[in-house]
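Coordinate analysis (summary)
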Amino acid sequence: MSDRKLDVIGERMYELISDLYPICRSITGNGVRNTLERVRQQIPLTVHEVPSGTPVFDWTVPREWNIEDAYVITPTGEKIAEFKKHNLHVLNYSVPVHKKVSLEELKPHIFTLPEHPDWIPYRTSYYKENWGFCISHNQLQSLPEGEYEVFIDASLEPGHLTYGELFIQGETSEEVLFSCHVCHPSLCNDNLSGIALTTHLADYLTRQQLRYSYRFLFIPGTIGSITWLALNEEKTRNIEHGFVVTCVGDGGPFSYKKSRRGSAEIDRAVLHILRHSHEGFREIDFYPYGYDERQYCSPGFNLAVGSLSRSSHGQFPEYHTSADNLDLVKPQYLKTSFETFVDVIDVIENNRTYINLNPKCEPQLGKRGLYSNVGAPSGSKIKEMALLWVLNLSDGQHDLLSIAERSGEPFDDIRKAAQALLSCGLLKEVSGSPIA
Amino acid sequence: MSDRKLDVIGERMYELISDLYPICRSITGNGVRNTLERVRQQIPLTVHEVPSGTPVFDWTVPREWNIEDAYVITPTGEKIAEFKKHNLHVLNYSVPVHKKVSLEELKPHIFTLPEHPDWIPYRTSYYKENWGFCISHNQLQSLPEGEYEVFIDASLEPGHLTYGELFIQGETSEEVLFSCHVCHPSLCNDNLSGIALTTHLADYLTRQQLRYSYRFLFIPGTIGSITWLALNEEKTRNIEHGFVVTCVGDGGPFSYKKSRRGSAEIDRAVLHILRHSHEGFREIDFYPYGYDERQYCSPGFNLAVGSLSRSSHGQFPEYHTSADNLDLVKPQYLKTSFETFVDVIDVIENNRTYINLNPKCEPQLGKRGLYSNVGAPSGSKIKEMALLWVLNLSDGQHDLLSIAERSGEPFDDIRKAAQALLSCGLLKEVSGSPIA
Amino acid sequence: MSDRKLDVIGERMYELISDLYPICRSITGNGVRNTLERVRQQIPLTVHEVPSGTPVFDWTVPREWNIEDAYVITPTGEKIAEFKKHNLHVLNYSVPVHKKVSLEELKPHIFTLPEHPDWIPYRTSYYKENWGFCISHNQLQSLPEGEYEVFIDASLEPGHLTYGELFIQGETSEEVLFSCHVCHPSLCNDNLSGIALTTHLADYLTRQQLRYSYRFLFIPGTIGSITWLALNEEKTRNIEHGFVVTCVGDGGPFSYKKSRRGSAEIDRAVLHILRHSHEGFREIDFYPYGYDERQYCSPGFNLAVGSLSRSSHGQFPEYHTSADNLDLVKPQYLKTSFETFVDVIDVIENNRTYINLNPKCEPQLGKRGLYSNVGAPSGSKIKEMALLWVLNLSDGQHDLLSIAERSGEPFDDIRKAAQALLSCGLLKEVSGSPIA
């Protein structure tokens, strides 16, 4: 893809984030529906509605939450913590409330961030009924004694859990899963960036010739992946590789949290690309915390799902605060993230295993014109070392990715060399996985 | 165990060392008997007597050595190298001698330590008949020419090899072995410290509910372990884990010499505890030298026996000299050593393998009150991360120790999490070893 | 071998190099024949002649090249690039030419080394017909405009590919292969040094009692090994270990390029010797480039062939230039290289697997006089630790080399210990490879 095209995609991802930023999302409710509606302007998502009360493994789909307005009126008549000014002001999933309370009664319902006294924290109370407000710590400090009016016009009623899904059929039924969470309100990196990248990746892949089938999920965190897994258990058998997509819009170095398996093909593919393209990336062993990889990698599924991000879960100061806003994410960061995902997809799409049909001594490459390609115009050139590595290791026990790993050559050079050798009849593809 | 109780144990170990210090021990004889008699004041040791001449594998139980007195009278009439002042003065296992010799004739029978000219070395001649004296190098330098009277009132006659044994029956017949050598005379760290720690560990374990059975051996070095192994070969099949206990009273950092197997459960358990509790510990690969692990780890037995000590074999300047005395060992060092052994026993006693009964996605911990335990009073609290790790890795292929190793969480937290999950029916114990 | 004998061998290797240096070799022709004739003065090589046109796997034996003379006459009448002064002046495998050309027409046929303006490069054109001259860059810069006479009196005609072979029958039919390339003209380190070392190694081994059979190949690079492999495919099954011998005469630190297998016995043996004898050696993973190991390690053969050299392929500035001359290589470097090969051969000849016949506890070494050997005169002494290691690890799963690796003791000490234990009936040899 040209750099110009990538620039455009970066800009369009940022626009999508900007459009979605004002919406108040939660794990259920109209915020999710409105979000998916906007995504549907770009890709043909199917929207699923799962009724409250549906049992999903050890959990139950919760009641649906919707909110119209919320605020606090201070003893001096000032209106603060206005939901309409910033939807982080309300404790997400608050029950409705309208009453007068003393400052002392109010305080247990107020959440602040003393270490960042100007920022509003993001807090939720999904599974325990509560109401509350999130404000800056400075504002909390300035509140006078007296009577406060608290008002939250929200509803928590039987309804549905809403999620979006897009399936792209490839040549085979083996699937690559992309999963992003759509439950966070006005927070850009976590996870409007993930929504934007997943949307544009789906858009891009729709127009490619694909070996794998691709499945994109736009789901609320935790309960969404549990719901999808519970209702689609048989489909998980086709998932060969997967990603949880989040935190891809900030300027931090890349991070990759490996799947529980630790050295699945997707783990090796991502790390290969990061090693060759991104200095200072972080490789993180799987741990059972973070985002929806917790569910995909639970021992009963143990899917090869990793998480490729920039700053990672909880590891940036703006995480889950009002500072995770439109200034934190930038088109150029989104663009590079997008490009990195495309590079990884390129590896898994093209990772094949071949047999050298002339395994005894080297074939004479010169008479096949393969040496003359050395020094050909950039983009089409075939590296001599890549040719020799592919020939030497194509014994049925090494796929192209393992040849790239062992040789230190970029996958793309190895792939081109294999293609050239295939063209002149020196290789044959082996079906199935390599033996080693 | 409370820190106060541990302090008392540290003091009592030191007392035991003080009581045993004056006794002249060797690989046979009354020194061993008197030592075991003192230990029997605390734990119900069985004392075994094996006749001289008994064939034990490639060896033969030697004649019994006893000594009454020994000294040298110099040309000026001075009495030096007096056994009654320090039993290291006599070459251990010396044959009796009483004659007059020139300085030149005497010198080959005198052993000193030029690099520590004030210390008396500890020397033995078990398997080659000889007589000799050990003195300070300074004293040797000052000896005048002339006639010396040498006197050793010792006997080397058919008798017995004496050792002590205590067996504590646990729930299963699988055994943990503790072996300490009782052949060294007035030397504190090597190995009165090992005798004291083994005695107090036996005393402590007698009062515990135990999964494993425990066997304690108080034996002379080399010939003692060979004798026990030869006479108890069938019992070795039950030994699952074992320790040679020595050098646990000095102030050096902890050392662990691994079993010949290298990654036996006991090796992993000890290293886990050391990693979490003791900065700067040393991990030593097995080598076929040192103490009785040489016999337990000979290829025909290959038992999972390691050696957890502070300073290790030969690695402290006072080793096998008169400076390995009551000043080198201290109650607080003995206490911490004891505590570390107890921690390791805690790991092996509690290392089980479980299956997550809700393996598909995470179970909802909140509704079982398991999140509410977070932040409970110290000592009873259950870490959320430990819960998640146990759930994620309880697939039948990971025992709790391997979950602790992979998660980086202390074993004790992992164990408590497993207990809590077991209580609410989320885990089931798997019998047998994990598959992986 | 005594140091004096080694000195003589170093000198004689250097003499052989000096004798061979003036000869113009190529992949075929009389240069190779004359070279082999000189080697035959020392060892009874069989010389093989393979007709041009013989198909060898994917290749064909090329026409034979011979050259009488070559030079260029400048517009001022000066004779330059004279073959008779330095055979590197002619592009190796040049077709005959005799004509007048302008400077512009000449330049594409001139090869120089701008980064070393005084040196003549070594260039070949085996598989594409061409003619050319190699001169110093300074000379190129000084050439005036005008008409040049170019003259190459060479022939490229059906004939033979010539190679030399020597086979030494040992006790078993399992073979060790030494392969050196004989196609380079006046270049000393690459590869007259390899020819000289291989010749003297063959000479030395002819007079030894050998367990393995040894095969020595003196072949042109690439096409020579391909030809030998194609015509002797069934013999490759006997090759247990092998070396490509080159670049063993310069003063650089040792390098070892491992076989494609990576941890074959030969790889372990070489690295063991280098670790114990040569500080700062380089360990190089196999890569499918370099010398004839490319063919021996092609996936259809995958022989355990490595390359032990000093400076390695392409890694010294004089590589493939006129500076790779009689000043670059020295007798003392050749001597140490020879000695190192002998040490490695000593490892593979003596690497056996034994079973400890007294596996339960240590045997009593003292009664067998094995302790008394400690401190015996250097050269015959047996290390106590080596005895204990051999006893401890002789369980049928460790060969002597792996005992040396694990213990950190030199192989030679381990071998002597095993010999001593064998003599007193404590070991028995196990046939076949160790299990682990």
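The coordinates are above.
Since the model is a prediction, treat every value here as computed from it, not as a measurement.

1. A word on the overall build of chain A
- Assigned secondary structure in chain A consists of twelve helices and 19 strands.
- Seen along its three principal axes, the alpha-carbon backbone of chain A occupies a region of about 90 × 40 × 35 Å.
- By sequence separation, contacts in chain A at least 24 residues apart represent 80% of the contacts at least 6 residues apart.
- Charge separation in chain A, taken as the distance between the mean sites of 42 positive and 56 negative side-chain charges, equals 5 Å.

2. Re the relation of the copies chain A and chain B
- With an RMSD of 0.0 Å, the fit of chain A onto chain B corresponds to turning through 120 degrees and sliding 0.0 Å along the axis. Accordingly, the operation relating the two chain copies is best matched by a three-fold axis.

3. As for the interface of chain A and chain B
- Taken together, the contact pairs 19 residues of chain A with 20 residues of chain B.
- When chain A packs against chain B, close to 1,800 Å² is buried across both sides, 51% of that on carbon and sulfur atoms.
- Three residues stand out in chain A for area buried against chain B, namely Asp58(A), Arg260(A) and Pro288(A), and they jointly supply 36% of the buried area on that side.
- For the salt bridge of Arg260(A) with Asp395(B), the shortest nitrogen-to-oxygen distance reads 2.8 Å.
- Among the secondary structure elements, those contributing two or more residues to the side of chain A that touches chain B are helix H6 (223-231) and helix H8 (293-296) of chain A.
- Of the residues contributing to the side of chain A that touches chain B, the split by class is twelve nonpolar, three polar and four charged.

4. Some points on the interface of chain C and chain B
- Listed by partner, the interface residues are 20 residues for chain C and 19 residues for chain B.
- In total, chain C and chain B occlude about 1,800 Å² of area from one another, counting both sides; carbon and sulfur atoms represent 50% of this.
- The partner of Arg368(C) in a salt bridge is Asp58(B), and the shortest N-O contact between them spans 2.7 Å.
- For the pair chain C and chain B, the number of links is 14 residue pairs in polar contact (both at pLDDT 80 or more).
- Take the side of chain C that touches chain B: its biggest share by element is seven residues, from helix H10 (residues 384-393) of chain C.

5. A word on the sheet that holds strand S6 (residues 97-102) of chain A
All names here are of chain A.
- Ordered by their spatial adjacency, four strands build an open sheet running S5-S4-S9-S6, and the pairing between neighbours is antiparallel. What marks the edges here is a single partner per strand, and that holds for strand S5 (79-80) and S6.
- Two strands pair when backbone bridges link them, and strand S4 (residues 64-73) and S5 are joined in this way by two bridges, in the antiparallel orientation. In the strand pairing of S5, Val72 is matched with Ile80.

Rules used in this analysis
Residues numbered from 1 in each chain as written. Chains lettered and ligands numbered in written order. Predicted model: local features only at pLDDT ≥ 70, side-chain atom pairs only at ≥ 80, totals over all residues. Heavy atoms only, no water. Helix = DSSP H or I, 4+ residues; strand = E, 2+ residues; numbered from the N terminus. Contact = heavy atoms within 4.5 Å. Lys, Arg positive; Asp, Glu negative; His and termini not counted. Charge placed at Lys NZ, Arg CZ, Asp CG, Glu CD. Least-squares fit on C-alpha atoms with pLDDT ≥ 70 in both. Buried area = accessible area lost by both parts, 1.4 Å probe. Salt bridge = Lys/Arg side-chain N within 4 Å of Asp/Glu carboxyl O. Nonpolar A, V, L, I, M, F, W, Y, C, P; charged D, E, K, R; others polar. Polar contact = N/O pair within 3.5 Å; in protein donor to acceptor, adjacent residues only side chain to side chain. Pairing = 2+ DSSP bridges.

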